[in-house]
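Here are the chains, one letter per residue:
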Amino acid sequence: MDKSLPFEGSSLSRRQLLNFLTGASVATTAGSALYTVGKFFIPPAESTGEGGAIIAKDILGNPIPATQILAEVPGTRALVAGLNHEPTYLTVTESNSLDSIGIVDNCTHLGCTFPWNPMDQQFQCPCHGSLYAPNGTVVRGPAPLPLKIVHVTVIDNSILISTWTQTDPRTGEKPWWI
Ligand code: FES
């Protein structure tokens, strides 16, 4: 890998980057920018399970065990490769489990990736300033739509991610991505 990391000059922490490269990226750094992270996903062979679910993986295509993410403190957002290799945020809940809803790291304005800001409790897009609540609804545009969500299930320490096809619980409407 090229030694000149594309994150240099950004406030992405080294720990966050290393975690992402080796397993899960734990979004604990306020104001960090993951704008270019999506470009690093190298499509590995996709293994699909029941209902089209895939196993959450790291950037190298290795499955990420749930225990690796659950070792982090409640409230942590961990970035994994999800459906179609999209960077997807998983949340460690207060009861030390994984939230059953994942948030896809793809701004609905023009598709930038974005960091989680734990101080503000928001996803904050560095490209044009869109802000999203923890559940992915728009707090401030120009983003026109809530963030895409996915189902997250843990089975035998594997994290399964599948498409959300039901009514979007945030809008009460059919998901815009279906
Ligand atoms: Fe996120 Fe424009 S791409 S605000």
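Coordinates for the structure precede this section.
Bear in mind that the values here come from a model prediction, so they are computed numbers and not experimental data. (Residues numbered from 1 in each chain as written. Predicted model: local features only at pLDDT ≥ 70, side-chain atom pairs only at ≥ 80, totals over all residues. Heavy atoms only, no water.)

Q: Before we move on, can you summarise the pairing of strand β5 (residues 101–104) with the specific residues and values?
A: Sheet analysis places strand β4 (residues 87–91) next to β5, joined by 2 bridges and oriented antiparallel. Opposite Tyr89, over in β5, you have Ile103 as the bridge partner. Where β5 and strand β10 (residues 149–155) come together, 3 bridges link them in antiparallel fashion. Each bridged residue has a counterpart across the sheet, and for Ile101 the counterpart in β10 is His151. (Pairing = 2+ DSSP bridges. Helix = DSSP H or I, 4+ residues; strand = E, 2+ residues; numbered from the N terminus.)

Q: Requested: an account of the sheet that holds strand β7 (residues 122–124), with residues and values cited.
A: An order of β6-β7-β8-β9 is seen for the 4 strands of this open sheet, with the pairing classed as antiparallel. Across the chains shown, the open sheet's two edge strands, defined by having one partner strand only, are β6 (116–117) and β9 (138–140). Across 2 bridges, the pairing between β7 and strand β8 (residues 131–132) is antiparallel. By the bridge assignment, Gln124 is partnered in β8 with Leu131.

Q: Lay out the pattern of salt bridges in plain terms, naming residues and giving numbers.
A: Inspection of the entire model under this criterion finds 2 salt bridges. Between Lys148 and Glu86 there is a salt bridge whose closest N-O contact spans 3.2 Å. Of this pair, Lys148 sits in the loop between β9 and β10 while Glu86 sits in the loop between β3 (77–81) and β4, and the two are 62 residues apart along the sequence. Note on Lys148: relative accessible area 19%, which makes it buried. Assessed through its relative accessible area of 17%, Glu86 is described here as buried. Its salt-bridge partner being Asp168, residue Arg170 comes within 2.9 Å of it at the nearest N-O pair. Asp168 matches Arg170 in its accessibility class, with the two residues each being buried. (Salt bridge = Lys/Arg side-chain N within 4 Å of Asp/Glu carboxyl O. Buried < 20%, exposed > 50% of the residue type's maximum accessible area, 1.4 Å probe, protein only.)

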